[in-house]
Amino acid sequence: MTSIEYRLPQQRRLVTALPGPRSAALTERRRTAVGAGVASSVPVYAADVDGGIVVDVDGNALIDLGSGIAVTSVGASDPAVVAAVQEQVAHFTHTCFMVTPYEGYIAVAEKLAALTPGDHAKRTVLFNSGAEAVENAVKIARVATGRSAVVVFDHAYHGRTNLTMALTAKNQPYKEGFGPFAPDIHRVPASYPFREGRNYDGTEVTGEQAAHRAISQIDKQIGAHNVAAIVLEPIQGEGGFIVPAKGFLPTLVDWAKANGIVFVADEVQTGFARTGDWFASNDENVVPDLMTLAKGIAGGMPLAAVTGRAELIDAVHGGGLGGTYGGNPVACAAALATLDRIEQLDLCGRARRIEQIATEQLRALAADVDIVGEVRGRGAMLAVEFVQPGTREPNPEATRAIAAKALEQGVIVLTCGTYGNVVRLLPPLVISDELLTDGLDVLTAAVRDVAGVRPTLAGATR
Ligand SMILES: *Cc1c(COP(=O)(O)O)cnc(C)c1O
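Bear in mind that the values here come from a model prediction, so they are computed numbers and not experimental data.

Asker: What exactly am I supposed to notice about the sheet that holds strand 12 (residues 381–386) here?
Answerer: In a beta sheet, neighbouring strands are held together by backbone hydrogen bonds and run either parallel or antiparallel to one another. Read across the sheet, 4 strands follow the order 11-12-15-14 without closing on themselves; strand pairing throughout is antiparallel. Here the strands that pair on one side only, and so sit at the sheet edges, are strand 11 (372–378) and strand 14 (414–416). Along the sheet, successive strands turn relative to each other by an average axial angle of 25°, direction set aside. This element, helix 11 (residues 347–368), spans strand 11, strand 12 and strand 15 (422–425) of the sheet and lies at about 170° to strand 11. The sheet strands contacting helix 12 (residues 396–408) are strand 12, strand 14 and strand 15, and the helix crosses strand 15 at an angle near 40°.

Below you can see the structure in the form of structure tokens.
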């Protein structure tokens, strides 16, 4: 295993209050130039990013526990990725694969066929964003099955285009005012163990039962023979890092197979070592018919893919899929370097190590404060769900306050969840143990502070 070398010192350092004067000036400039609909979770502007550190335009060094939403798993300036991009960009930036094709696209497709679950014949088509990949998975499933209905789940997030807004569950902010949405999309209940009811006899609802609840609804309300695809995130991301009960995924996959329905695993957020394995589907040996991939695939360069069964993807007529930029050669070069780095640096192992370090601290925290409802997740995709003390009522106010306090101390954490009450941890997988521990110290101190429990935030600031 190659060791990780950093270009920037991996240490949190604040030289101004946040945001500093330069960031504040950019925020002013932005107000008169950038659309108000684009929100930023952090009001500091990036100047240089390496490993687990984001240096802002005022010279503050912040700890990154978000990876630009699970994208820069190998870091935002990994030397091998940078070199691959520089090499490619010096030769050609674009030809359009639909005009003059090039090898990088094919090499990415070969690599994805080798890495994704299942040893069946596979094909890949490349796109620019996660949403575009999900749209195309639906197009493929409809052509391959000759059916049109698509099944999605409560708490789902699949993107911001018209079709993917329809697939996404949460109205505010993703859908509000943007309708009408694409038709023939049907939402069924997910498996959300923390918010699950109980069986009549008091036993816990199992993953199999949760799957059958969804299946029964599909049968009764749509009819299995009308369904082209079931689209599901194996761990729901924006919805709150919801890990379904064991058995939920395999039961749905088996049922889809028996009914000629295409099972699409949306691994845009869970993919590429994030959960401690190449894909979250591997956890229960789930073999999806199609997978949608993006975010962590190319070290921050925009690239997305649909990878899956050859007979499904090849069912689409020539010219039916594509796009001007899809599989851009620079993005493909970055992806090939990124996938190599994930192997070389054993980032799956790093993700598991991050889980170990973080869950130890977070579980200790949960024992101390009464606003932590649940600590959950897998690998380096971890979350804390906050509740009103002594209940399971969501506590979005505390969640926002915690993220703001962590940022004040120079730690970038993101929130998520249908109820806005989840702090999610998505550190770059190359973050050092020391930096991660410092970031977690700040975060847990912020939680204690908001919960009104000793010690104070100042006590934990080194
Ligand atoms: C982020 C995300 C998308 C959308 O990806 P974009 O690149 O933002 O279009 C789709 N599905 C899941 C699960 C995601 O997390």
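Asker: Mind showing me how you'd approach empty space enclosed by the protein here?
Answerer: Empty space among the atoms can be located by rolling a probe the size of a water molecule over them. Throughout the structure, instances matching the rule amount to 5 cavities of 30 Å³ or more. Approximately 60 Å³ is the volume found for the largest cavity.

Asker: Please explain the sheet that holds strand 2 (residues 53–56) as it appears in this structure.
Answerer: Taken together, 4 strands build an open sheet; the order of strands is 1-2-3-13 and the sheet is mixed. Edge positions in the sheet fall to strand 1 (46–50) and strand 13 (411–412), since each of these pairs with one other strand and no more. Examined bridge by bridge, strand 1 and strand 2 share 4 bridges and lie antiparallel to one another. The residue of strand 2 that forms the bridge with Val-49 is Val-54. Here helix 13 (residues 433–451) sits on the sheet and contacts strand 2, strand 3 (61–64) and strand 13; the angle it forms with strand 3, its principal contact strand, is near 90°.

Asker: What is the right way to look at the packing of aromatic side chains in this model?
Answerer: For any pair of aromatic rings, the description rests on two quantities: the centre-to-centre distance and the angle between the ring planes. In this structure the tally under the stated criterion is 7 aromatic pairs. Measuring from centroid to centroid gives 5.9 Å for Phe-153 and Phe-248, while their planes differ by 75°, and the two rings are edge-to-face. Taken together, the residues span a long stretch of sequence, with Phe-153 in strand 5 (residues 149–153) and Phe-248 in helix 8 (residues 248–258) at a distance of 95 residues. On the basis of relative accessibility, which here comes to 0%, the residue Phe-153 falls in the buried class. Here Phe-248 falls in the buried class, since its relative accessible area comes to 1%. Where Phe-272 meets Trp-278, the ring centres are 6.5 Å apart and the plane angle is 85°; that geometry is what we call edge-to-face.

Asker: Is there a simple way to explain the domain arrangement of the protein chain in this structure?
Answerer: Bring the parts together and some accessible area is lost; that lost area is often taken as the interface size. Taken domain by domain, the protein chain holds domain 1 (21–64 + 346–451) and domain 2 (81–344). Distance from the C-alpha centre of domain 1 to the C-alpha centre of domain 2: 26 Å. In this assembly, 33 residues from domain 1 lie in contact with 28 residues from domain 2. Of the roughly 2500 Å² buried where domain 1 meets domain 2, counting both sides, 55% is carbon and sulfur surface. If you look at where domain 1 meets domain 2, you find 3 salt bridges.

Asker: Just checking my understanding: could you explain the site of the ligand for this structure?
Answerer: Close to the ligand lie Ser-129, Gly-130, Ala-131, Tyr-157, His-158, Glu-233, Asp-266, Val-268, Gln-269 and Lys-295, which account for all nearby residues. Within the backbone of Ala-131, one N or O atom sits 2.8 Å away from an oxygen atom of the ligand. Contacts to the ligand include Tyr-157, whose backbone N or O atom sits 3.5 Å from a nitrogen atom. Summarising the interface, the protein chains cover 82% of the accessible area of the ligand, which totals 380 Å² for the free molecule. Grouping the constituent residues of the shell around the ligand by class yields 3 nonpolar, 4 polar and 3 charged.

Asker: Would you mind going over the packing of helix 3 (residues 79–91) against helix 10 (residues 329–344) with me for this structure?
Answerer: As a packed pair, helix 3 and helix 10 sit with axes 8 Å apart at the nearest point and diverge in direction by 155°. In terms of orientation, helix 3 lies roughly antiparallel with respect to helix 10. Considering the relative orientation of helix 3 and helix 10, their crossing is right-handed. On helix 10, the residues that touch Pro-79, Ala-80, Val-81, Ala-84, Val-85, Gln-88 and Val-89 of helix 3 are Pro-329, Val-330, Ala-333, Ala-334, Ala-337, Thr-338 and Arg-341. Tallied by class, residues from the contact of helix 3 with helix 10 come to 11 nonpolar, 2 polar and 1 charged.

Calculation notes
Residues numbered from 1 in each chain as written. Predicted model: local features only at pLDDT ≥ 70, side-chain atom pairs only at ≥ 80, totals over all residues. Heavy atoms only, no water. Pairing = 2+ DSSP bridges. Helix = DSSP H or I, 4+ residues; strand = E, 2+ residues; numbered from the N terminus. Axes fitted to C-alpha atoms, helices over the stretch in contact; angles between N-to-C directions. Contact = heavy atoms within 4.5 Å. 1 Å grid on protein atoms, 1.4 Å probe; cavity = no way out; pocket = protein on both sides within 12 Å on 5 of 7 lines; lining within 4 Å. Points joined across faces, edges and corners; volume = space filled by probe spheres on them. Phe/Tyr/Trp six-rings, centres within 6.5 Å; stacked < 30°, edge-to-face > 60°. Buried < 20%, exposed > 50% of the residue type's maximum accessible area, 1.4 Å probe, protein only. Domains from an automatic or database assignment. Buried area = accessible area lost by both parts, 1.4 Å probe. Salt bridge = Lys/Arg side-chain N within 4 Å of Asp/Glu carboxyl O. Near = heavy atom within 4 Å. Polar contact = N/O pair within 3.5 Å; in protein donor to acceptor, adjacent residues only side chain to side chain. Areas by Shrake-Rupley, 256 points an atom, 1.4 Å probe, with all protein chains shown as cover. Nonpolar A, V, L, I, M, F, W, Y, C, P; charged D, E, K, R; others polar. Parallel < 35°, antiparallel > 145°, perpendicular 65-115°, else oblique. Left-handed = near helix turned anticlockwise from the far one by under 90°.

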